[in-house]
Amino acid sequence: MLDFNTIEQLDKIATPFYYYDMDLFYKTVDHVAELAAQRNLKVHYAVKANAEKRLLEYISSKGFGADCVSGNEVLHAHECGFRPEKIVYAGVGKSDKEIYNALMLGIEAFNCESLQEIFVINEMAHHYGVKASISVRINPDIDAHTHKYVTTGLYENKFGISQHEFDKLIEIIRKSEHIDFFGLHFHIGSQITRVSEVFALECSRVNDIVRYFEDKGLTVRNINLGGGLGVDYDDPDGNPIADFDTWFDTIAGNIVHREDQAVHVEPGRSMVAQCGTLISRVVFVKSGETKNFLIMDAGMNDLIRPALYGAYHKIENLSARMRTFFPTHQAYDIVGPVCESSDVWGAGRLLPLSVRGDLMAIRSAGAYGQVMASRYNMKDIAPAVFSDSLEEATAAVDYFA
Ligand SMILES: Cc1ncc(COP(=O)(O)O)c(C=O)c1O
């Protein structure tokens, strides 16, 4: 919950922008580091969730690795302090240039997603006279019980290598002289809220698959279970830190591994979602035929999750909180300025009576927000503003002064 003093400071900054609560961010990262150390889990932060330099620099300084899904993420993670031997690189469509750059950097492992990719990496490693460390991403055919667009571990999804190719895969790994087999990688989906049920199932399937590979003579040195821990979009103040305890306990209690086998996880959303808020302003209030519209200056170009997944974000009127009189409430369709009918933040949301210029908070926007921003409609990209350096943020335009 933003305090009055912070709201007053935010009100001076040109909107829209991403506001990061650094206290909450540090607390979350420190909590994860402590829990992971207690349970001997290795954590690779999934850079795709939020690639903001300041956040990455802190995460890398705490000894986490980085999980990347593009060549540029690999290079960026390295620039933000992640050592190459702590960077893994997944993705179904790595280009030759991306593979080359990661090979030259000497990353911990390519998480390979097809037989052809292993073949190409082996050839390129041969050509450039290096050895490529690879893990194989397996599609375990597990339903993560989440939105279908963030489900990644079913056979209908494009990710990973599935069971019918296991024997061929093992043969290819054995024959490829320029690769070094590191382990197996899994990632079944994102925003998983049935934590103990889904991750226990994942572990049980992973145990079977690891055993299968080892029985065939391959040593699995690394078991990477991916990310996916969900956050509470309904109540970000009630649950500012995701339930890492249950997630890690479920893994620790269900995964079978030897002392010489490391167990990795790759949280993205859960580490950064709740510390981020997209701050916007009401540009116009419009009475439609059947509805009242609050038109904001932030749109789907700034945060695409509602338009892309129908995702829910809690929305608050910060200016109304500062008003001294008791506000009447009203139902609004809160919308953005982009010329698309899907540019809707929330329909029929009950809010205090809102007026032009009111400062609005779109909560839980730290993950898959800023990273997915676009310049659609030639809009400007919303900048990042950090709670510990508000005075450095751009001065407000004076339209509402
Ligand atoms: C390979 C991989 N690992 C980890 C993650 C992070 O997932 P989440 O943000 O749900 O923790 C993703 C995101 O989808 C991913 O693709």
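Refer to the preceding data block for the structure.
Numbering of residues begins from 1 in every chain and follows the order in which that chain's sequence is written. Restriction of local features to residues with pLDDT of at least 70 applies here, the model being predicted, together with a cutoff of 80 or more for giving and counting side-chain atom pairs; totals for whole chains, interfaces and linings are based on all residues. The basis for every side-chain value is the complete set of heavy atoms in the structure, and neither hydrogens nor water enter the calculation.

1. Notes on a nonpolar patch on the surface
Inclusion rule: The patches described consist of residues with a relative accessible area above 30% and no salt bridge, like charges being joined within 9 Å and nonpolar side chains (Val, Leu, Ile, Met, Phe, Trp, Tyr) within 5 Å. In these tables, accessible area is a Shrake-Rupley quantity obtained with a 1.4 Å probe, and a residue counts as shielded only by the protein chains included in the view. Any carboxyl oxygen of Asp or Glu within 4 Å of a side-chain nitrogen of Lys or Arg constitutes a salt bridge here. In this text, helices come from DSSP runs of H or I with a minimum length of four residues, and strands from runs of E with a minimum of two, each type numbered from the N-terminal end. Here's how the labels work: a residue is buried when its accessible area is under 20% of the maximum for its type, exposed when over 50%, partly exposed in between, all with a 1.4 Å probe on protein chains only.
On the surface, Tyr100, Met104 and Tyr128 cluster together to form a nonpolar patch covering roughly 280 Å² of accessible area. Mapped onto the elements, Tyr100 comes out in helix α5 (residues 96–105). Taking relative accessible area as the criterion, Tyr100 reaches 32% and is therefore assigned partly exposed.

2. So, the packing of helix α7 (residues 166–175) against helix α8 (residues 195–215)
Our working rule: Every axis corresponds to a line fitted to the C-alpha atoms, with the helix fit spanning only the stretch in contact, and the corresponding angles, defined between N-to-C directions, vary from 0 to 180 degrees. Angular relationships are summarised with four words: roughly parallel below 35 degrees, roughly antiparallel beyond 145, roughly perpendicular across 65 to 115, and oblique for the angles in between. Should the near helix be turned anticlockwise from the far one by less than a right angle, the crossing is termed left-handed; should it be turned clockwise, right-handed. Two residues form a contact once any of their heavy atoms are found within 4.5 Å.
For the pair α7 and α8, the least separation of the axes is 11 Å and the interaxial angle reads 50°. In terms of orientation, α7 lies oblique with respect to α8. Of the two possible hands of crossing, α7 and α8 adopt the one that is right-handed. Where α7 approaches α8, its residues Phe166, Asp167, Leu169 and Ile170 are matched on the opposing element by Ile209, Tyr212 and Phe213.

3. Quick word on the nonpolar core
Our working definition: Residues belong to one nonpolar core when they are buried, are Ala, Val, Leu, Ile, Met, Phe, Trp, Tyr or Cys, and are joined through side-chain atoms within 4.5 Å. What counts as a domain boundary in this text is fixed by an automatic or database domain assignment.
Counting 100 residues, the largest nonpolar core has Phe110, Val136, Leu184, Phe213 and Phe248 as its most contacted members. No other element matches α8, which puts eight residues into this core. Built from parts of two domains, this core gets at least three residues from each of domain 1 (4–18 + 275–400) and domain 2 (22–268). Ignoring anything within four residues of it in the chain, the contact list for Phe248 reads Val32, Leu35, Ala36, Arg39, Leu41, Val43 and Val265. By size, the runner-up hydrophobic cluster in this structure holds 13 residues, among which are Leu2, Leu10, Val385 and Leu390.

4. Focus: the sheet that holds strand β9 (residues 262–265)
Quick reminder of the rule: Any two strands between which DSSP finds at least two bridges are classified as paired.
As summarised here, the arrangement of the eight strands in space is β2-β3-β4-β5-β6-β7-β8-β9, forming a closed barrel in which the pairing is parallel. Across the sheet, the mean angle from the axis of one strand to that of its neighbour is 30°, orientation sign disregarded. For strand β7 (residues 179–185) and strand β8 (residues 222–224), the ladder comprises three bridges, and the chain directions are parallel. Along β8, the bridge assignment pairs Leu184 with Ile223.

5. A word on helix α6 (residues 115–128)
For the record, the criterion: Multiplying one less than the number of residues by 1.5 Å gives the expected span of a helix.
Its 14 residues give α6 an end-to-end C-alpha distance of 20 Å, which sits within 8% of 20 Å, the value for a rise of 1.5 Å per residue. Buried residues of α6: Leu115, Glu117, Ile118, Ile121, Asn122, Met124 and Ala125, and no others. Elements that come into contact with the buried residues of α6 comprise α5, β5 (109–112), β6 (132–137), α7 and β7. A positive phi of about 70° marks Gly129, the residue just after α6.

6. Considering the site of the ligand
How we decide: By convention in these notes, a residue is near a molecule or strand provided one of its non-hydrogen atoms lies within 4 Å of it. Side-chain atoms alone can form a polar contact between residues adjacent in sequence; in general such a contact is a pair of N or O atoms within 3.5 Å, and within protein one must be able to donate a hydrogen while the other accepts it. Amino acids outside the nonpolar list (Ala, Val, Leu, Ile, Met, Phe, Trp, Tyr, Cys, Pro) and the charged list (Asp, Glu, Lys, Arg) are all regarded as polar, and Gly is one of them.
In the vicinity of the ligand lie 14 residues, with Ser190, Glu266, Gly268, Arg269 and Tyr368 positioned nearest. Measuring from an oxygen atom of the ligand, one finds a backbone N or O atom of Gly228 at 2.9 Å. Residue Gly268 places a main-chain N or O atom 2.9 Å away from an oxygen atom belonging to the ligand. Relative to its unbound accessible area of 390 Å², the ligand is 96% covered by the protein chains. A class-by-class count of the residues in the shell around the ligand yields three nonpolar, six polar and five charged.

7. With respect to the pattern of salt bridges
Summed over the entire model, instances satisfying the criterion amount to 21 salt bridges. Across the salt bridge formed by Arg83 and Glu85, the nearest N and O atoms sit 2.8 Å from each other. Residue Glu316 is joined to Lys314 by a salt bridge in which the shortest nitrogen-to-oxygen separation is 3.8 Å. Residue Glu316 is classed as buried on the basis of its relative accessible area, which comes to 12%. For Lys314, a relative accessible area of 23% puts it in the partly exposed group.

Any functional reading would require information beyond the geometric quantities listed.
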